Amino acid sequence: MITCSDRASQGLYEDRSGALIRDWLQQHGAEVVASRLLPDEKERLISELKRLVEAHQPDLIVTTGGTGLGPRDCVPEATRAVIEREAPGITEWLRLRTATLQPLAALSRAVAGIRANTLIVNLPGSPRAVEEHLAELATLLPHAIEMVRGGAH
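Heads up: these notes are all about the structure in this document. Just so you know, these numbers come straight off a predicted model, no measurement behind them. Note on numbering: residues in each chain are counted from 1, in written sequence order. Owing to the predicted nature of the model, reporting of local features is limited to residues with pLDDT of at least 70; listing and counting of side-chain atom pairs is limited to 80 or more, with chain, interface and lining totals taken over all residues. No hydrogens and no water enter the side-chain calculation; it runs on all heavy atoms of the structure.

Time to look at the overall build of the protein. When helices and strands are counted, the protein shows six helices and six strands. Relative to the compact-globule value of 15 Å for 153 residues, the protein shows a C-alpha radius of gyration of 14 Å, a close match. C-alpha atoms of the protein, sized along the principal axes, occupy 45 × 35 × 30 Å. Working definition: with a 1.4 Å probe on protein chains only, accessible area under 20% of the residue-type maximum means buried, over 50% means exposed, and in between means partly exposed. Per-residue burial over the protein gives 46% buried out of 153 residues. Across the protein, every contact between residues at least 6 apart in sequence was considered, and the portion connecting residues at least 24 apart equals 72%. Each accessible area is a Shrake-Rupley result for a 1.4 Å probe, and residues are judged covered by the shown protein chains and nothing else. Summed over all atoms, the accessible surface of the protein reaches about 7900 Å², with 51% contributed by carbon and sulfur. We count Lys and Arg on the positive side and Asp and Glu on the negative side, and we leave His and both chain ends out. In plain terms, the charge of a residue is placed at NZ if it is Lys, CZ if Arg, CG if Asp and CD if Glu. Each charge class in the protein was averaged separately, 17 positive and 20 negative side chains, and the resulting centres sit 2 Å apart. Secondary structure follows DSSP: runs of H or I at least 4 residues long count as helices, runs of E at least 2 residues long count as strands, and numbering of each begins at the N terminus. Radius of gyration: C-alpha atoms only; globule rule: 2.2 Å multiplied by the number of residues to the exponent 0.38. Here, two residues are considered to be in contact whenever any of their heavy atoms come within 4.5 Å of each other.

Take a look at the structure:
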């Protein structure tokens, strides 16, 4: 999992969203093989996503932060530069479901896609939004990961 935040990476505040994701993944039986806290720098994120896929070959990489409309928000662009196939239905579903709770969720530019056999999913940066998105992902991830691995429908 990767948190992208200029302020958290500078130590100006705690990375609560990354901790929520780590805890959620572990509670759902996942082994978290890597956790990173990076500034909003596109090239650095591209490099780290590629490195994590090559070094660990994980089933899933979840990012948090950097998906909004701000001038430094670059996670969707970095993710698109890394993935080989996009999975737009995942983030469309997340925006649809979470926007009923918080209309500002519709402003997210998050993407999801596949590199090698790794599913990469962008989540927003706020802890509340992360919790809402993870609740929705719980129904999608098991089947999505199985399909990325080459499983049957």
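Moving on: empty space enclosed by the protein. In this analysis, the protein atoms alone were mapped onto a 1 Å grid. Cavities are point sets where a 1.4 Å probe fits without being able to get out; pockets are open sets with protein on both sides within 12 Å along at least five of seven lines; lining residues have an atom within 4 Å of a point. Grid points are joined across faces, edges and corners, and a volume is the space filled by probe spheres set on the points. Under the defined criterion, the tally for this structure stands at one cavity of 30 Å³ or more. In this structure, the largest cavity spans a volume of roughly 30 Å³. Together, Thr91, Leu94, Arg95, Ser108, Ala110, Asn122 and His133 line the largest cavity. Sort the elements by how many residues they give to the lining of the largest cavity and helix α5 (residues 88-99) lands first, with three residues. Classification used: nonpolar for Ala, Val, Leu, Ile, Met, Phe, Trp, Tyr, Cys and Pro, charged for Asp, Glu, Lys and Arg, polar for all others including Gly. Class assignment of the residues belonging to the lining of the largest cavity gives a composition of two nonpolar, four polar and one charged.

Moving on, we get to the pattern of salt bridges. Salt bridges, as used here, are contacts in which a Lys or Arg side-chain nitrogen is within 4 Å of a carboxyl oxygen on Asp or Glu. Tallied over the full model, the rule gives nine salt bridges. Close ionic contact of aspartate 59 with arginine 149 constitutes a salt bridge, the shortest N to O distance being 2.6 Å. Of the two residues, aspartate 59 sits in the loop between α3 (42-56) and β3 (60-64) while arginine 149 sits in the segment after α6 (127-148), which places them 90 residues apart along the sequence. Taking relative accessible area as the criterion, aspartate 59 reaches 30% and is therefore assigned partly exposed. In this structure, the salt-bridge partner of arginine 128 is glutamate 132, at a minimum N-O distance of 3.1 Å. Of the two residues, arginine 128 and glutamate 132 are both situated in helix α6; the distance of four residues between them amounts to about one turn of the helix. Residue classification places arginine 128 among the partly exposed residues on the basis of a relative accessible area of 46%. Relative accessible area serves as the criterion here: at 16%, glutamate 132 is assigned to the buried category. Through salt bridges with shared partners, a single network forms among Arg36, Glu48 and Arg51.

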